Amino acid sequence: MIPKEYRNLAFFSLIIVLILGAAGGYFFNAHNKDLEEKPLGEIAANEADPAVWGIYYPKHYDSYLENFKNTAQPSHFETKPYMKQIYAGLGFAEEFNEPRGHVYTLEDIRKVHPTRYKTGAACNTCKSSQIPEMINKYGEDYYLKSFEEVNSQLKHPIACLDCHDPKTMDLRISRPALIQAFERQGKDITKATRQEMRSLVCAQCHVTYYFQPNTKKLTFPWDKGVKADQILAYFDEKKFSEWNHPDAGTGLAKTRHAEYETFMDSTHQSAGLACADCHMPYVKQGNVKVSSHNWQSPLNNIEQSCTVCHREGVDWLKTRVKDIQAKTKEVQDIAGEAVVQAINELKVAKDTPGVNQELLQQAQEMHRKGQWYLDYVMVTNGYGFHNPTESINNLSKAIDYAHKSVQLAREAVKKTS
Amino acid sequence: MKKKLLWLVGFAFVSFALMLLTKVPALGLDKAEFCGQCHAMDEQVDTYLHSAHRLGATCGDCHIPHGLVYGATYKAYTGTRDVVAVLTDTTPQEIRVTKLGQDILQENCLRCHGEFLAQVGDTRKNDGKYCFDCHRSTPHQK
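Bear in mind the structure is a predicted one, so any value in this text is a computation, not a measurement.

### A closer look at the overall build of chain A
- The helix and strand inventory of chain A stands at 18 helices and 6 strands.
- With respect to the principal axes defined by its C-alpha atoms, chain A has extents near 130 × 50 × 40 Å.
- Counting only residues that meet the buried cut, chain A has 36% of its 417 residues in that class.
- Excluding contacts between residues fewer than 6 apart, the proportion of contacts in chain A whose partners are at least 24 apart in sequence is 68%.

Structure (structure tokens):
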């Protein structure tokens with residue numbers, strides 16, 4: 001028993017110890033919260049409507065809605081007048097505008113020049129969240145349907161379901177072409193790490209592709225690799241030409257926005273970055289951070305996309321990027337003019353009676369290569385910034401092949417029999 | 001013999017208790033001024049003292065595991081390792097955090113900023129990036 005005179009002291013000591021203990025426990029807890037990660041709500045397996053996802057993920061949805069502000073649609077012909085001659089014989093020569101944001105995919109494709117619908121249903125593949133459902137419904141027949149038959153069933157543009165699993169919110173690949181391209185390369189896409197997935201979900205659409213003859217199946221020409229020379233080698237081996245140039249008579253392959261392919265092995269990619277690191281930076285929204293779903297040029301929000309790593313300041317960074325882009329554009333214009341010159345010389349040679357056919361054929365072969373390397377850079381967004389050295393490298397090849405084509409075409413005329 | 005063993009156990013116990021003491025915040029053994037004395041990291045200390053983190057976090061808050069026993073043990077280990085490096089003049093030109101140190105840092109980022117990152121999640125998961133892969137000048141240069 002505690003002596004009486006110490007009883008009060010003991011009592012207060014006990015209270016103080018208890019209070020200190022409770023306070024200590026509280027602060028320890030408050031500073032040591034385990035990160036809670038769980039889906040915020042149950043979303044139906046095929047829910048293509050982004051507004052439904054927005055109920056559970058309002059902050060992400062808000063940033064998604066920002067895409068509506070991306071409305072500029074300048075024509076490529078304004079800055080690249082040589083495109084018209086280069087694409088002669090294709091729908092692209094009639095009209096080729098910069099697209100608006102992801103939320104306008106359906107609206108924009110419905111307004112495009114009608115000559116570009118002739119491929120059929122496959123053109124819808126990257127325009128709506130409902131496509132995986134359509135491919136499930138029709139199987140391989142999907143690609144053989146008419147553009148209109150599939151398009152009339154589509155309501156929602158590119159949205160959440162294209163990249164997210166509605167149950168777990170994990171990133172997922174919804175387009176078969178990418179999964180199959182990996183399979184043909186002997187790679188398993190389900191083994192991709194989170195960081196790889198943050199590029200691969202973009203690679204479902206921001207890649208070059210072609211439609212297989214007869215089946216019209218949408219295919220990524222990556223069997224030999226994703227680089228310009230490897231893809232061209234793939235097409236050469238298959239003797240594949242998408243169209244014959246009406247003036248030059250050359251059988252040509254067409255590149256599409258090869259952003260993923262170009263980005264691979266670039267400085268930023270080899271340093272471990274993914275598309276999302278620059279195009280979907282983490283932004284503060286109130287008391288949390290979310291990955292922005294407003295897909296745009298990182299130059300529009302350098303503070304979030306670049307300065308987190310690069311501390312040199314917004315102005316300096318912008319100058320560096322603009323410098324790379326301007327210099328790439330300058331070389332691209334030279335390459336564009338060179339290819340146009342090749343086309344003109346080939347036209348003269350082709351129309352010359354008794355022209356040396358062997359040399360003409362060689363000239364056309366050089367034209368095919370030159371135009372391919374030019375196109376690979378020209379239609380890839382970013383004016384070379386996704387991989388500056390590679391872009392300049394490809395453009396240099398384009399110029400060289402175009403010049404060789406011009407030379408061979410002239411020789412072919414000289415050696416007229 | 002038995003007495004010697006008792007002394008030894010006693011000594012080990014006191015050493016262990018002393019080691020645990022290094023984690024008591026009031027002693028300030030997590031502060032840059034103290035750590036910077038042996039860990040030859042002047043550049044890091046100087047830039048840290050100009051960063052926002054100086055107001056809310058010490059060296060140990062980020063670089064030492066939070067648990068009492070694990071934290072104290074890790075601290076004793078790195079402290080000894082770096083003292084030896086200083087004494088033998090083998091400190092590397094370029095100081096790099098070890099693999100274990102990286103994981104400790106990541107955990108400590110989330111310990112404070114976890115609520116803020118509730119929707120983003122642990123970016124390191126499934127071979128992802130560490131926070132400091134991008135935030136590489138926070139809270140000190142290099």
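We are not done yet, so read on.
### Some points on the confidence of the model for chain A
- Summary statistics for chain A give a mean pLDDT of 93 and a share of 98% for residues scoring 70 or more.
- Here helix α1 (residues 4-30) of chain A stands out as the element of chain A with the lowest mean pLDDT, 86, in contrast to helix α12 (residues 259-263) of chain A, whose mean of 98 is the highest.

### Some details on the packing of helix α16 (residues 314-351) of chain A against helix α18 (residues 388-414) of chain A
Residues and elements named next belong to chain A.
- Their axes nearest at 8 Å, the elements α16 and α18 cross at an angle of 20 degrees. As summarised for this structure, α16 and α18 are arranged roughly parallel, according to the angle between their axes. Handedness of the α16/α18 crossing: left-handed.
- Taken together, the residues of the contact of α16 with α18 break down into 20 nonpolar, 6 polar and 2 charged.

### Looking at the interface of chain B and chain A
- Listed by partner, the interface residues are 22 residues for chain B and 20 residues for chain A.
- Those elements giving two or more residues to the side of chain B that touches chain A turn out to be α6 (99-113) and α7 (131-134) of chain B.

### Section: the environment of Q73 of chain A
Residue and element names in this part refer to chain A.
- Topologically, Q73 is positioned in the loop between α3 (58-65) and α4 (76-79).
- Here Q73 falls in the exposed class, since 12 other C-beta atoms lie within 10 Å of it.
- Sequence separation between Q73 and P99 is 26 residues; the distance between their C-alpha atoms is 5.8 Å.
- For Q73, the contacting residues outside a window of four places in its chain are N97, E98 and R100.

### Focus on the pairing of strand β5 (residues 282-285) of chain A
All names here are of chain A.
- Relative to strand β6 (residues 288-291), β5 is paired through 4 bridges, and the arrangement is antiparallel. The residue of β6 that forms the bridge with K284 is K289.
- Counted between consecutive antiparallel strands, the loop separating β5 from β6 contains 2 residues, among which G286 sits at a positive phi close to 65 degrees.

### Re the environment of Y61 of chain A
Residues and elements named next belong to chain A.
- Turning to its location among the elements, Y61 is positioned in helix α3.
- Residue Y61 is classed as partly exposed on the basis of its C-beta count, with 18 C-beta atoms lying within 10 Å.
- Sequence separation between Y61 and A51 is 10 residues; the distance between their C-alpha atoms is 7.5 Å.
- Here Y61 is in contact with P50, W53 and G54, once residues within four sequence places are set aside.

### Structural notes on the nonpolar core
All names here are of chain A.
- By size, the foremost hydrophobic cluster in this structure holds 74 residues, and its most contacted members are V339, A398, A402 and A409.
- No other element matches the 10 residues that α18 contributes to this core.
- Sequence-distant contacts of A398, defined by excluding residues within four places in its chain, comprise A335, V339, G370, Y373 and L374.
- Ranked by size, the runner-up nonpolar core spans 8 residues in total, among them Y57, I158, A159 and L161.

Rules used in this analysis
Residues numbered from 1 in each chain as written. Chains lettered and ligands numbered in written order. Predicted model: local features only at pLDDT ≥ 70, side-chain atom pairs only at ≥ 80, totals over all residues. Helix = DSSP H or I, 4+ residues; strand = E, 2+ residues; numbered from the N terminus. Buried ≥ 20, exposed ≤ 12 C-beta atoms within 10 Å, placed from the backbone. Contact = placed C-beta atoms within 7 Å. pLDDT = per-residue confidence, 0-100. Axes fitted to C-alpha atoms, helices over the stretch in contact; angles between N-to-C directions. Parallel < 35°, antiparallel > 145°, perpendicular 65-115°, else oblique. Left-handed = near helix turned anticlockwise from the far one by under 90°. Nonpolar A, V, L, I, M, F, W, Y, C, P; charged D, E, K, R; others polar. Pairing = 2+ DSSP bridges. Core = buried A, V, L, I, M, F, W, Y, C linked by C-beta atoms within 7 Å.

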